[in-house]
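Analysis of the macromolecular model
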Amino acid sequence: MPVSTLSAVPAVPAASAADRSVCAPLPVLGRDVTVPVAAGGEVSYAALDYAASAPALQRVWDDVAAYAPYYGSVHRGAGYLSQLSTDLFENARRTVAGFLDCRDGDQVVFTRSTTDSLNLLATALPDGCEVFVFETEHHAALLPWRGSRVTFLDAPSSPRQAVESLERALAGREPHGPALVCVTGASNVTGELWPVGELAAAAHAHGARIVLDAAQLAPHHAVSLRELDVDWVAFSGHKLYAPFGSGVLAGRADWLRRAEPYLAGGGASRKVTRRADGGVDVEWQEGAARHEAGSPNVIGAHAIASACKALTEAGFEALAAREQRLIRTVREGLADVPEVRFLSLFGDDAPRVGVLSFVVEGWTGSRFAAALSAEYGIGVRDGLFCAHPLVSGLLGDARAEGGCGAPESSGAVRVSFGAGTPDEHVERFVRAVRGLVRHGGRAGSSPSGA
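This section reports on the structure supplied with the text. (Residues numbered from 1 in each chain as written. Predicted model: local features only at pLDDT ≥ 70, side-chain atom pairs only at ≥ 80, totals over all residues. Heavy atoms only, no water.)

Turning our eyes to something else, we now look at the overall build of the protein chain. A tally of regular secondary structure across the protein chain gives 15 helices and 17 strands. Buried residues in the protein chain amount to 54% of all 450 residues. A sequence separation of at least 24 residues applies to 71% of the contacts in the protein chain between residues at least 6 apart. Entry remark: accessible area of the protein chain is about 18500 Å², with carbon and sulfur atoms responsible for 52%. (Helix = DSSP H or I, 4+ residues; strand = E, 2+ residues; numbered from the N terminus. Buried < 20%, exposed > 50% of the residue type's maximum accessible area, 1.4 Å probe, protein only. Contact = heavy atoms within 4.5 Å. Areas by Shrake-Rupley, 256 points an atom, 1.4 Å probe, with all protein chains shown as cover.)

Across the sheet, which stays open at both edges, the seven strands sit in the order β4-β10-β9-β8-β7-β5-β6 with mixed pairing between neighbours. Of all strands in the sheet, those with a lone pairing partner are β4 (107-111) and β6 (149-153), marking the two edges. Sheet twist, expressed as the mean angle between neighbouring strand axes with direction ignored, is 20°. Note that β4 and strand β10 (residues 247-251) share five bridges and pair antiparallel. Residue pairing across strands places T111 opposite G247, the latter belonging to β10. Along the sheet, helix α5 (residues 114-123) makes contact with β4, β7 (179-184), β8 (209-213), β9 (232-236) and β10, crossing β9 at roughly 150°. (Pairing = 2+ DSSP bridges. Axes fitted to C-alpha atoms, helices over the stretch in contact; angles between N-to-C directions.)

Our focus in this paragraph is the nonpolar core. Counting 83 residues, the largest nonpolar core has V96, L100, L166, V233, F235, L240 and V248 as its most contacted members. Tallying contributions element by element places helix α11 (residues 298-314) first for this core, with 10 residues. Filtering out sequence-adjacent residues up to four positions away, F235 remains in contact with V96, L100, S113, T114, S117, A214, A215, A218, L240, G247, V248 and I304. Judged by nonpolar contacts, the second largest core, of 30 residues, contains V337, A369, V426 and V433. (Core = buried A, V, L, I, M, F, W, Y, C linked by side-chain atoms within 4.5 Å.)

Both strand β11 (residues 269-274) and strand β12 (residues 280-284) contribute to a ladder of five bridges, which runs antiparallel. Along β12, the bridge assignment pairs R274 with V280. In textbook terms, the turn of a hairpin is the stretch between consecutive antiparallel strands, and for β11 and β12 this stretch comprises five residues, one of which, G278, has a positive phi near 100°.

Quick look at the sheet that holds strand β14 (residues 355-360) now. With antiparallel pairing, four strands are arranged side by side in an open sheet as β13-β14-β17-β16. Each edge of the open sheet carries a strand with a single partner, namely β13 (340-342) and β16 (381-383). Across the sheet, the mean angle separating the axes of adjacent strands is 30° when strand polarity is ignored. When β13 meets β14, the two strands line up antiparallel, connected through three bridges. The partner of R341 across the bridge, within β14, is V359.

In structure tokens form, the structure reads like this:
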């Protein structure tokens, strides 16, 4: 019998009111870090790049630290710590299933990231499966389908147009075989929410399945497989305040059960025997373990489960309401700065999470982001955000090139925040943007980027 982790691993106390006031509503690591600025001295670092990687929740860090002395092999040992670690790992799977409101029969597979999850699903597609994906997707959702027939859909100008475009594409497919739709829940560029439920209904009406890239959605809103009626959900721990190298693919088990293991090795194999001709025969696992070969990342899984619990207990409704206030702080604070233009597909009033991309007249994206860092201690992202077709289209520059992390002269600037962001950091960002636009930088920055 597995050992109960609840009695064996010390419980971490809830954050005090004082802690919550420092980094409301959920304290994160790094809230006390200071960085140098060009004018001299240091300021507290304003981490406003949550869409790339959110800082670890203090609770996640504490939970991981509490477990660390008890670390042991998972599914591979009879000793106490191995049994405890196995129990912890499987409890994490159950916590994630609850967090995603999984249906009976759904599987939760632990991966390395959203990218890894969608590549896993790509290897499990049945023969002849056609994939439908909007060009607006992050590369993690745009690129894994190389072995399949892919239909790329143009960027829609409204949620209604997105649904209509998908319906037309699915209605016209020939032959009428298996199909998969891949769609984001919230854009990593504009923060806009996509009509996932309507897209799922359209997919199912035409005999297709749908996978939701929830990398940007899950940290901000509750995600229910049952209510959205999607077939799979993929997300990453490092965007969910659990940056310990783990991700999740959750949903229907049949395609995954019939597919060859994503990785071949220990854990995925149930039985291996030598044949008379010198080869080997393998009997593969049937459940989630079929695609979790190798020693599992129990720390990563435990961290994701801890983050899921913290967000659920904090309440997504309250978190989302506060985030909307922070979004208004940015939009209204810069409304009278004509040099700043926010990027949007569905319009300025479209529902969104705390992800905003913009360009500043007279500045390159890379220079503006560098000035925010050097002069104000603010960390944002610049470039094409691993969504090159989308950003290029929004900028009106189809020739934009470069890697995901490359600062591009034709790129944009992205500010993103969440449950660990203090109000003051967002307010400082607004003051900084206004100051840079008005004065061209206080420490010799050139608005032209020269």
